[in-house]
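# Residue-level structural notes
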Protein chains: 2
Amino acid sequence: MTWKILDCTIRDGGYYTDWDFDQKLVKKYFNEIETLPVNIIEVGYRSHVKDKYFGEYYYLPTSTINKLHEWGNGKISLALMLNAKEFCVDDVVSILDGCQGIIELIRFAIAPDNISSGINLAGEVKRAGFNVTLNIMYLHEIIKDTSLFESICGELESAADKIDYVYFVDSYGSCMPEEIHKFFLLSRQRISQKIGFHGHDNIGLAFANTLSAINAGVDIVDSTILGMGRGAGNARTELLAAYFAKQQGSAIDLSAISELVEEFILLQKKYEWGSSIPYIVSGFEQLPQKEVMELTSKRRYSTGSIVKMLQGNLSNGDTVPHYPNLNDSKLKKQEDHIKTAIIIGGGGTAIRHNEAVIEYSTRGNTLIIHSSLKNVESYKDYDGLQVACLVGEEANKMSNVGKEIDKIHTFIVSSSPRIEQQLPESWNDRTFTVNPLWTDSNKKGNTNESPLNLSLSIAREMKVDKVLLVGFDGYPAGKVETKVLAEEVQQTIDQFLNDYPEITLHSITPTLYKVPQSSVYACLSDNN
Amino acid sequence: MTWKILDCTIRDGGYYTDWDFDQKLVKKYFNEIETLPVNIIEVGYRSHVKDKYFGEYYYLPTSTINKLHEWGNGKISLALMLNAKEFCVDDVVSILDGCQGIIELIRFAIAPDNISSGINLAGEVKRAGFNVTLNIMYLHEIIKDTSLFESICGELESAADKIDYVYFVDSYGSCMPEEIHKFFLLSRQRISQKIGFHGHDNIGLAFANTLSAINAGVDIVDSTILGMGRGAGNARTELLAAYFAKQQGSAIDLSAISELVEEFILLQKKYEWGSSIPYIVSGFEQLPQKEVMELTSKRRYSTGSIVKMLQGNLSNGDTVPHYPNLNDSKLKKQEDHIKTAIIIGGGGTAIRHNEAVIEYSTRGNTLIIHSSLKNVESYKDYDGLQVACLVGEEANKMSNVGKEIDKIHTFIVSSSPRIEQQLPESWNDRTFTVNPLWTDSNKKGNTNESPLNLSLSIAREMKVDKVLLVGFDGYPAGKVETKVLAEEVQQTIDQFLNDYPEITLHSITPTLYKVPQSSVYACLSDNN
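About the thresholds
Residues numbered from 1 in each chain as written. Chains lettered and ligands numbered in written order. Predicted model: local features only at pLDDT ≥ 70, side-chain atom pairs only at ≥ 80, totals over all residues. Heavy atoms only, no water. Contact = heavy atoms within 4.5 Å. Buried area = accessible area lost by both parts, 1.4 Å probe. Salt bridge = Lys/Arg side-chain N within 4 Å of Asp/Glu carboxyl O. Polar contact = N/O pair within 3.5 Å; in protein donor to acceptor, adjacent residues only side chain to side chain. Nonpolar A, V, L, I, M, F, W, Y, C, P; charged D, E, K, R; others polar. Least-squares fit on C-alpha atoms with pLDDT ≥ 70 in both. Pairing = 2+ DSSP bridges. Helix = DSSP H or I, 4+ residues; strand = E, 2+ residues; numbered from the N terminus. Axes fitted to C-alpha atoms, helices over the stretch in contact; angles between N-to-C directions. Domains from an automatic or database assignment. Core = buried A, V, L, I, M, F, W, Y, C linked by side-chain atoms within 4.5 Å. Buried < 20%, exposed > 50% of the residue type's maximum accessible area, 1.4 Å probe, protein only. Phe/Tyr/Trp six-rings, centres within 6.5 Å; stacked < 30°, edge-to-face > 60°. Lys NZ or Arg CZ within 6 Å of the ring centre and 35° of its normal. Right-handed = clockwise from strand over helix to strand, strands pointing away.

Across the boundary between the two partners, chain A contributes 37 residues, which contact 37 residues of chain B. With both sides pooled, the region where chain A packs onto chain B buries about 2900 Å², and carbon together with sulfur makes up 64% of that total. Joining chain A to chain B, the criterion identifies 2 salt bridges. Close ionic contact of Glu 272 of chain A with Lys 269 of chain B constitutes a salt bridge, the shortest N to O distance being 3.6 Å. The tally of links from chain A across to chain B stands at 2 residue pairs in polar contact (both at pLDDT 80 or more). Classifying every residue of the side of chain A that touches chain B gives 18 nonpolar, 10 polar and 9 charged.

The transform that puts chain A on chain B rotates by 180 degrees and translates by 0.0 Å along the axis, for an RMSD of 0.1 Å. The transformation relating the two chain copies, once decomposed into turn and shift, fits a two-fold axis. If distances are taken from each C-alpha of chain A to the rotation axis, the shortest is found for Ala 208 of chain A, at 3.0 Å. Both copies share a contact surface, since 100% of the interface residues of chain A are interface residues in chain B too.

Another point: the sheet that holds strand β3 (residues 77-83) of chain A. Residue and element names in this part refer to chain A. Read around the barrel, 8 strands follow the order β1-β2-β3-β4-β5-β6-β7-β8 and close on themselves; strand pairing throughout is parallel. Taken pair by pair, the neighbouring strands of this sheet meet at an average axis angle of 25 degrees, ignoring direction. Here strand β2 (residues 40-45) runs beside β3; their pairing, made up of 4 bridges, is parallel. What sits directly across from Glu 42, in β3, is Ala 79.

Residue and element names in this part refer to chain A. Partitioning chain A into domains gives domain 1 (4-281) and domain 2 (326-525). Each of domain 1 and domain 2 was reduced to a C-alpha centroid, and the two centroids are 44 Å apart. Listed by partner, the interface residues are 7 residues for domain 1 and 4 residues for domain 2. Around 430 Å² of area is buried between domain 1 and domain 2 when both sides are counted, 54% of it from carbon and sulfur atoms. Taken as a group, Asp 18, Lys 52 and Lys 270 account for 65% of the area that domain 1 buries against domain 2, more than any other trio of residues on that side. Summed over the shared surface of domain 1 and domain 2, the number is 1 salt bridge.

Counting residues in each nonpolar core, the largest one holds 230 residues, and the members touching the most others are Phe 108, Leu 134 and Phe 184 of chain A together with Phe 30, Phe 108, Leu 134 and Phe 184 of chain B. Counting 35 residues, the second-largest nonpolar core is a separate cluster that includes Ile 412, Val 434, Met 462 and Phe 496 of chain A.

Residues and elements named next belong to chain B. Ordered in space as β13-β12-β11-β10-β9-β14-β15, the 7 strands form an open sheet in which the pairing is parallel. One side of each edge strand has no neighbouring strand; the edge strands of this open sheet are β13 (431-434) and β15 (504-507). Strand after strand, the sheet turns through a mean of 25 degrees between neighbouring axes, direction not considered. Relative to strand β12 (residues 410-414), strand β11 (residues 386-389) runs parallel, the two being bridged by 3 bridges. Bridge pairing in β12 places Ala 388 opposite Phe 411. Strands β9 (340-344), β10 (366-370) and β14 (466-470) of the sheet are contacted by helix α17 (residues 354-362), whose axis makes an angle of about 160 degrees with β9.

On to the packing of aromatic side chains, then. One pass over the structure, following the stated rule, counts 46 aromatic pairs over all chains. A centroid spacing of 6.1 Å and a plane angle of 65 degrees characterise the contact between Phe 21 of chain A and Tyr 57 of chain A, whose relative ring orientation is edge-to-face. Within this pair, whereas Phe 21 of chain A is found in the loop between α1 (9-17) and α2 (23-33), its partner Tyr 57 of chain A is found in helix α3 (residues 56-59), the two being separated by 36 residues in sequence. Each member of the pair Phe 21 of chain A and Tyr 57 of chain A is classed as buried. On the numbers, 6.1 Å between centres and 70 degrees between planes, the contact of Phe 30 of chain B with Trp 71 of chain B is edge-to-face. On the criterion of sequence distance, the pair formed by Phe 30 of chain B in helix α2 (residues 23-33) and Trp 71 of chain B in helix α4 (residues 62-72) is long-range, its members being 41 residues apart. There is no split in this pair, since Phe 30 of chain B and Trp 71 of chain B are both buried. The structure contains a cluster of three or more aromatic residues connected by ring pairs, namely Tyr 15, Trp 19, Tyr 45, Phe 54, Tyr 58 and Tyr 59 of chain A. Positioned above the aromatic ring of Tyr 167 of chain A is the side chain of Arg 107 of chain A, whose terminal nitrogen or guanidinium carbon lies 4.7 Å from the ring centre.

Our focus in this paragraph is the pairing of strand β4 (residues 103-110) of chain A. Residues and elements named next belong to chain A. Counting buried positions over the 8 residues of β4 gives 7, a clear majority of the element. Bridge analysis of β4 against strand β5 (residues 131-136) gives 6 bridges, and the strand direction is parallel. Across the sheet, residue Phe 108 finds its bridge partner in β5, namely Leu 134. The parallel pair β4 and β5, bridged by helix α5 (residues 115-127), forms a crossover whose chirality is right-handed.

Located in the positive-phi region is Leu 226 of chain A, a residue other than glycine, with phi close to 55 degrees. Its place among the elements puts Leu 226 of chain A in the loop between β8 (220-223) and α10 (237-248). Even without being a glycine, Asp 18 of chain B presents a positive backbone phi close to 60 degrees. Here Asp 18 of chain B lies in the loop between α1 (9-17) and α2. You can call Asp 18 of chain B buried: its relative accessible area is 5%.

The next thing to look at is the side chain of Glu 394 of chain B. Residues and elements named next belong to chain B. With respect to the helices and strands, the residue Glu 394 is situated in the loop between β11 and β12. Only 3.0 Å separates the side chain of Glu 394 from the backbone nitrogen of Leu 373, close enough to count as a polar contact. Not counting residues within four places of it along the chain, the set of residues in contact with Glu 394 comprises Ser 372, Leu 373, Lys 374, Cys 389 and Gln 421.

This brings us to the environment of His 200 of chain A. Residues and elements named next belong to chain A. Relative to the elements of secondary structure, His 200 occurs in the loop between β7 (194-198) and α9 (206-215). Separated by 48 residues in the primary sequence, His 200 and Ile 152 have C-alpha atoms spaced 22 Å apart. Ignoring sequence-local partners within four residues, the contact set of His 200 consists of Asp 12, Val 169, Asp 170, Ser 171, Tyr 172, Gly 173, Ala 206, Gly 233, Asn 234 and Gln 289. Only 2.7 Å separates the side chain of His 200 from the backbone oxygen of Ser 171, close enough to count as a polar contact. At a separation of 3.2 Å, a polar atom in the side chain of His 200 contacts the side chain of His 198.

In structure tokens:
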């Protein structure tokens, strides 16, 4: 009974790095992976052009393919993945131009209800001379649903010559070793193609499940260095390699890859994949790990709150205190005097240019809206109207805030489902709710509050003509850690420009966002 | 089929903290663990007095027991562990004074070849009114050795009334889930006591093995928060609790313990338990994780080297270059001129007092021995004889060292098994070996070189009358990270004082070590 290891570190780990990897690291990976019993490495995706930035290993241009071919030195087979949803039979072969003779295996990620289109794509690619896998997602659903499994078996039976490997993917890392064992014993009987397993580590069982699949006789299993991969990550190549060697009775010198693993430990410290509490919830409750990744990278919620959101325990009226709507506030009564809202973001330019912003605001008819408490201190000398949004667990960060908070006329919390915050009692009679301008009703029990969303909603409620952004500096391009936040702000800006063309919106401090730009100093000189 | 969870975070995690835990953390742990389906918590050891420092939860004085009783509030059972080796039937009950009515369960850690004495101890403790477990170590040996298993079963059969639970411990985390399942199915038939399992995570299977044991019908399993425990650690309580809840069809609110887990994440960043490459080797090769912990905390070797040492791949003559012995060196020929050796350690006082040390050395008959390259720079103005030890991978740190290295007359490496270092070619004709003064022949393929051991050996070879230590500052008491290093130095000093009374040894800069103390400034004023 032999089985193969496919290492997909670059393809699956790319979810954390936007598919950019340091060239030296990839070269080291190619050199050291050769010392392990790894048969195939998957080096990324080929993909149609997207309107977001993705790196080298997402598009795998031919120059990269050639470079990898050289590094691989013919000693190891190369694979790449296609997302079946993106392709049709007419374009699937042409996307592989330049791969012939270098990439041996093309893998298709596909949902279980879409097997037939996957088979058609695979057939085209197989005819073009590649080996092909179907990577069927959501194994936990297939295990629960016998008729789904039967229909998959039927489809595969009629495609015996089109597909080399059929993988099953434990998408939410929620399957148990004994389920996996039973499932693959059955699959072994019912499926004529070679069979593979790709596990996820949400509840720490990726390696154990992979061993179960191997014991049930699968032909190939996926793994990554230090388990690096989407969400909680994967089975670890170094463990599987050691297990393989042990099974064969041969020795493996793990010291040869320990330097490589050390480099991935640094990546793990940065990106923090692994089985944390939110992923454990995602595993046991079978919720998508994509949502966990997103909520975590917004850095607005504690782990406990993320778990509550994932478990759908966010609801209003039950646990969070009730506050009246902004319409019933003293602030709202002043709307006739307010023509301009200045929204203060968390960026450094809100501090650097605070005096100019205060001078401009002092000329009258201006409401300062703090999207968070972060820069409130820099506006303590402003005696006009100031409100502050309390998004996520903002009020729980109060230890950073001193007496300057007395200048805040009104606090705003979201009326959508939100996390409970500890507001000082003295704030009670000056705290009000507004509805976010946009909510995402798709997300179960989730909140769609964001600092800019809520701030713009206040501006609209106050019927201003003009919204000026201050301190929305943006984040350096290519910084993966801040990508989700940057995207959230840009999307909110785009949506506002589109939905409320009657309200002027521009940034009066330097910004990396795509938004009409002017200058706070021009405002001052224009007596604008 | 029900099973219980025993959380032993404090007892097993104590291996990393010397059994000291912040009081606030323990209180939080008591509060939050109540929200989980955990039945018993093990709070530490009772132990005879040792000549090393161990903290509150190693000795569990009665005041601590009472405090924990109060915190537990009667909602959770308490256990503690005794190391069977330490006790006899005459003293085992008295060590538990003050525990009656508070601690319900006493656990005995015991080797499989010593069951009968464990049973005798357990019988005494049982008679004194406690419930009792035997925690039998080295499960991997019992699984391999049927006659050992049979003899254990026989012993247990005759002790039906003396023991409540029999645990089996996968000491090196090397068992596979299917082995575990088979073993506990068999044990279930052969052992009348309740059965427990304690897993280790060397190869990432602690949780999976624990599930296997549960599926085979064990009554109780151990786990710790975030898996904190000796070596690679344990099965994670948060995973087991979630699994338990799922099995019962009940919901579990993991947000309640997420703050606690976050605090343990900080501890993990500090102590780094978990399945790293050295522990993987320990698991697959069935080597004690204690050795891995020690080698790692010496901070002298790369992961790759530790793995080599663990795999017994350290041997001389094969891979490391050959250098002549110190006896064949030019340095040795100068022994008649040398009366005093000054050994420079890595501490800051070697820099602070360098001018005085240089002045004293310049008066003649002195050899400066750098125990490492760390403080060589501060002695670049000394024109007398200087040698430097290259212990571990010292020479690979060369990037820190500049031209001052030219002042080093001779480099010394250990003649015992050692790690290969990259020495610059120009050093070749001035590098020699010495035997460490003491070697530990117990350790398979291991090296016993240490900077002070090697330095003292040079001093002895050079037949000096006096050895003066400079820059052996020691480490703050209670710092767990530097404990192994501090112990190594103290032991070396003690052994030297004992074995070579004819050679004077004292420290002439401030030190925390127990060693005769004088002052470099006294040496100067005495014209000593």
